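Listed below are the residues making up each chain.
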Amino acid sequence: MAALVAVFAVGVALTTYAGVLDATIPTPDRNLADPTVERAERTLGDPGVADPQALAAGLRAGPDGYDLNLTLEATGRTWHAGPTPPPNADTAALAVSVRLGPGRMRPGRLRAEVWA
């Protein structure tokens, strides 16, 4: 009986390990921009509020071995950080508030483009 329990425990451990490993390895069908834009948003200032002056700091949110371009848009203005993306880059965007000055915030959009 103890041997059956041990075999079961090893099987569960291997299944869990394989699932976690599969979730962390990038594949061609996985959009890397979705988690990247969320990580970049957290580096750009207060939660939910993006500071255009900190846009370059958001480039650290990119996955290792990939290039990243961040674009922040609000009130007809656009800020960019990073190299120019190719047409086939993974793209994701989310709505944020953009700090335009002390006490001045406007709705905007943060877009991340990731490619190898």
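This one's a predicted model, so the numbers in the text were calculated from it and none came from an experiment. (Residues numbered from 1 in each chain as written. Predicted model: local features only at pLDDT ≥ 70, side-chain atom pairs only at ≥ 80, totals over all residues. Heavy atoms only, no water.)

Novice: Describe in detail the overall build of the chain, supporting the description with residues and values.
Specialist: What the chain contains, in helices and strands, is 2 helices and 5 strands. Taking 116 residues into account, the globule formula puts the C-alpha radius of gyration at 13 Å, and the chain, at 20 Å, lies well above it. If you line up the chain on its principal axes, its C-alpha atoms span 70 × 35 × 20 Å. Out of the 116 residues belonging to the chain, those deemed buried represent 30%. A separation of at least 24 residues holds for 55% of the contacts in the chain among residues at least 6 apart in sequence. Looking at the chain as shown, the accessible area adds up to about 7300 Å², and 60% of this sits on carbon and sulfur atoms. Taken together, the 10 basic and 12 acidic charged side chains of the chain have centroids lying 10 Å from each other. (Helix = DSSP H or I, 4+ residues; strand = E, 2+ residues; numbered from the N terminus. Rg over C-alpha atoms; globule rule 2.2 N^0.38 Å. Buried < 20%, exposed > 50% of the residue type's maximum accessible area, 1.4 Å probe, protein only. Contact = heavy atoms within 4.5 Å. Areas by Shrake-Rupley, 256 points an atom, 1.4 Å probe, with all protein chains shown as cover. Lys, Arg positive; Asp, Glu negative; His and termini not counted. Charge placed at Lys NZ, Arg CZ, Asp CG, Glu CD.)

Novice: Talk me through the sheet that holds strand E4 (residues 90-101); I want residue IDs and the actual numbers.
Specialist: Read across the sheet, 5 strands follow the order E1-E4-E5-E2-E3 without closing on themselves; strand pairing throughout is mixed. The open sheet has two edge strands with one neighbour each: strand E1 (49-50) and strand E3 (77-81). Summarising the sheet, E1 and E4 pair through 2 bridges and their orientation is parallel. Paired with Val49 across the strands is Ser97, a residue of E4. Strand contacts of helix H2 (residues 33-43): E1, strand E2 (67-74), E4 and strand E5 (104-115), with the helix running at about 15° to E4, the strand carrying the most contacts. (Pairing = 2+ DSSP bridges. Axes fitted to C-alpha atoms, helices over the stretch in contact; angles between N-to-C directions.)

Novice: Any chance you could break down the pairing of E5 for me, citing the residues and the numbers?
Specialist: With 8 bridges connecting them, E2 and E5 associate as antiparallel partners. Bridge pairing in E5 links Leu70 to Ala112. Bridge count for E4 against E5 is 11 bridges, and the pairing is antiparallel. Note on E5: the bridge partner recorded for Ala92 is Ala112.

Novice: Now, about the nonpolar core: what can you tell me, with residues and values included?
Specialist: Grouped together as the largest cluster of nonpolar side chains are 21 residues, with contacts concentrated most on Leu55, Leu72 and Leu110. Elements with a contribution of two residues or more to this core: H2, E2, E3, E4 and E5. Looking at this core element by element, the count peaks at 4 residues for E2. Residues contacting Leu55, with those up to four places away along its chain left out, are Leu44, Leu70, Leu72, Trp79, His80, Ala81 and Leu110. (Core = buried A, V, L, I, M, F, W, Y, C linked by side-chain atoms within 4.5 Å.)

Novice: Could you give me a rundown of the pattern of salt bridges, with the residues and numbers involved?
Specialist: One pass over the full model with this rule turns up 4 salt bridges. In this structure, the salt-bridge partner of Glu73 is Arg109, at a minimum N-O distance of 3.8 Å. Placement of the pair is Glu73 in strand E2 and Arg109 in strand E5, with a sequence separation of 36 residues. Among the residues examined, Arg109 registers a relative accessible area of 37% and is labelled partly exposed. For Glu113, the salt bridge identified is with Arg111, shortest N-O distance 3.5 Å. (Salt bridge = Lys/Arg side-chain N within 4 Å of Asp/Glu carboxyl O.)

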